[in-house]
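# Structure at a glance
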Amino acid sequence: MIDESYPTPNDVTLSFPSTFKGKPLVSHPNEKLEFRFVANQRVFEATFYVNPTDLFDGTETILRIPRMVDKPTPAALLP
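This text gives an overview of the structure that appears in the document. As the structure is a prediction and not an experimental result, all values here were calculated from the model.

Scanning the protein chain from N- to C-terminus turns up 0 helices and 4 strands. By the burial criterion, 3% of the 79 residues in the protein chain qualify as buried. Sequence separation of at least 24 residues holds for 21% of the intrachain contacts in the protein chain that already meet a minimum separation of 6. As displayed, the protein chain has an accessible area near 8500 Å², and 57% of this comes from carbon and sulfur atoms.

Set out below in structure tokens:
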């Protein structure tokens, strides 16, 4: 049974560490980041281009999430 009173989500927030073993995971401008998520036998894939300056460095005291983000580009459906 689906609870109709609960708002339907329309976004996904991804979190990942900015460093691994002391080295930055994203170190170049416009570095390609590929994301793949499998749930209920469905596969969701996305590609992002990330700059090191877009990531948190651990010195932040507040988290700011923008109210608006870029509109997604519609993907072609596979046959």
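Right, picking up where we left off after that structure.
Turning to the pattern of salt bridges, a few remarks are in order. Scanning the model with the defined rule gives 2 salt bridges in all. A salt bridge links Glu-34 to Lys-32, with the shortest nitrogen-to-oxygen separation between them at 3.4 Å. On the basis of relative accessible area, Glu-34 is assigned to the exposed category, the value being 58%.

Turning our eyes to something else, we now look at the pairing of strand β3 (residues 31-39). Sheet topology note: the β3/strand β4 (residues 42-50) ladder contains 9 bridges and is antiparallel. Counted as the bridge partner of Arg-36 is Glu-45 from β4. Between β3 and β4, which pair antiparallel one after the other, the connecting turn spans 2 residues, and Asn-40 there sits at a positive phi close to 50 degrees.

With that settled, the discussion passes to the packing of aromatic side chains. All told, the structure shown has 1 aromatic pair when counted by the stated rule. Judged by centre distance (6.3 Å) and plane angle (35 degrees), the ring pair of Phe-37 and Phe-44 falls under tilted. Residue class for Phe-37 comes out partly exposed when judged on its relative accessible area of 42%. Given the relative accessible area of 44%, Phe-44 is considered partly exposed.

Time to look at the environment of Pro-52. Turning to its location among the elements, Pro-52 is positioned in the segment after β4. As a C-alpha pair, Pro-52 and Ser-27 span 25 residues in sequence and 5.7 Å in three-dimensional space. Residue contacts for Pro-52: discarding those within four places in its chain leaves Val-26, Ser-27, His-28 and Pro-29.

Moving on, we come to the environment of Phe-56. Tracing the backbone shows Phe-56 in the segment after β4. Among the residues examined, Phe-56 registers a relative accessible area of 47% and is labelled partly exposed. In sequence terms Phe-56 and Ser-18 are 38 residues apart; their C-alpha atoms lie 7.1 Å from each other. If sequence neighbours within four positions are ignored, Phe-56 has contacts with Ser-18 and Leu-63.

Cut-offs applied
Residues numbered from 1 in each chain as written. Predicted model: local features only at pLDDT ≥ 70, side-chain atom pairs only at ≥ 80, totals over all residues. Heavy atoms only, no water. Helix = DSSP H or I, 4+ residues; strand = E, 2+ residues; numbered from the N terminus. Buried < 20%, exposed > 50% of the residue type's maximum accessible area, 1.4 Å probe, protein only. Contact = heavy atoms within 4.5 Å. Areas by Shrake-Rupley, 256 points an atom, 1.4 Å probe, with all protein chains shown as cover. Salt bridge = Lys/Arg side-chain N within 4 Å of Asp/Glu carboxyl O. Pairing = 2+ DSSP bridges. Phe/Tyr/Trp six-rings, centres within 6.5 Å; stacked < 30°, edge-to-face > 60°.

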